[in-house]
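# Observations on the three-dimensional arrangement
The residues making up each chain are set out below.
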Amino acid sequence: MARLRALPPLASSLPPLVPVAPKQTDAELGTAAHRTWARQVKERAGYRCQDPEHDRATPRSGPGVALYADHVEERQDAPHRALDPLNGMCRCASCHVRKTHRARAARHGA
Ligand SMILES: [Zn+2]
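Residues numbered from 1 in each chain as written. Predicted model: local features only at pLDDT ≥ 70, side-chain atom pairs only at ≥ 80, totals over all residues. Heavy atoms only, no water.

## Quick word on the coordination of the zinc ion
- Within the protein, the zinc ion binds to Cys49 (SG), His54 (ND1), Cys92 (SG) and Cys95 (SG); these donor distances fall in the range 2.0 to 2.4 Å.
- Around the zinc ion sit four donor atoms, and with donor-metal-donor angles ranging over 104 to 118 degrees the site reads as tetrahedral.
- Considered as a linear motif, the donors of the zinc ion on their single chain read C-x4-H-x37-C-x2-C. With cysteine 49 in the loop between helix 1 (32-44) and strand 1 (67-71) and cysteine 92 in strand 2 (residues 88-92), this pair connects stretches of sequence that are 43 residues apart. (Donors = N, O, S within 2.8 Å, 3.2 Å for Na, K, Ca; no water. Tetrahedral: all angles 85-135°; square planar, octahedral: opposite > 155°, others 65-115°. Helix = DSSP H or I, 4+ residues; strand = E, 2+ residues; numbered from the N terminus.)

The structure is reproduced here in structure tokens:
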């Protein structure tokens, strides 16, 4: 019987598309005030992804759909609106990732 051989991962040899700073814990995201803001954003959205670019082939809500309260104007750009429920959009995981990558690329000029 032939032996299976594991190949080394390809991803580690590829350069990152966008410079990424080391992940740091953001203390503000763990505060009660932030959790309240996130709940308000999701409640206002009816616990549905509000992203206008959401993939219509996937559900916006329901079991298995992870939802995130996302800042429309990012906290570092508008710290005074960090806890403004009107500055939040409820997004599913894929929409949140897409928006975050775009924002990061724009910030770093990629
Ligand atoms: Zn979505």
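## Topic: the pattern of salt bridges
- A full pass over the atoms with the stated rule returns twelve salt bridges.
- Where aspartate 51 meets arginine 98, a salt bridge forms, and the shortest distance between an N and an O atom there is 3.2 Å. With aspartate 51 in the loop between helix 1 and strand 1 and arginine 98 in helix 2 (residues 93-107), this residue pair connects regions lying 47 residues apart in the sequence.
- The class for aspartate 51 is buried, based on a relative accessible area of 4%. (Salt bridge = Lys/Arg side-chain N within 4 Å of Asp/Glu carboxyl O. Buried < 20%, exposed > 50% of the residue type's maximum accessible area, 1.4 Å probe, protein only.)

## Focus: unusual backbone geometry
- Here the phi dihedral of tyrosine 47 falls at roughly 55 degrees; this positive angle occurs in a residue that is not glycine.
- Given the relative accessible area of 39%, tyrosine 47 is considered partly exposed.

## Re the nonpolar core
- Formed by Trp37, Ala38, Val41, Ala45, Cys49, Val65, Leu67, Ala69, Cys90, Cys92 and Cys95, the largest nonpolar core amounts to eleven residues.
- Of all the elements in the fold, those that place two or more residues in this core are helix 1, strand 1 and strand 2.
- Looking at this core, the element that brings in the most residues is helix 1, giving three residues.
- For alanine 45, the residues in contact, after removing those within four places along its chain, are Gln50 and Cys90. (Core = buried A, V, L, I, M, F, W, Y, C linked by side-chain atoms within 4.5 Å. Contact = heavy atoms within 4.5 Å.)

## Overview of the environment of histidine 34
- Mapped onto the elements, histidine 34 comes out in helix 1.
- Residues histidine 34 and aspartate 84 lie 50 residues apart in sequence; the distance between their C-alpha atoms is 9.9 Å.
- The residues contacting histidine 34, other than those within four sequence positions of it, are Glu28, Leu29, His71 and Leu83.

Distances and angles like these do not, on their own, reveal function.
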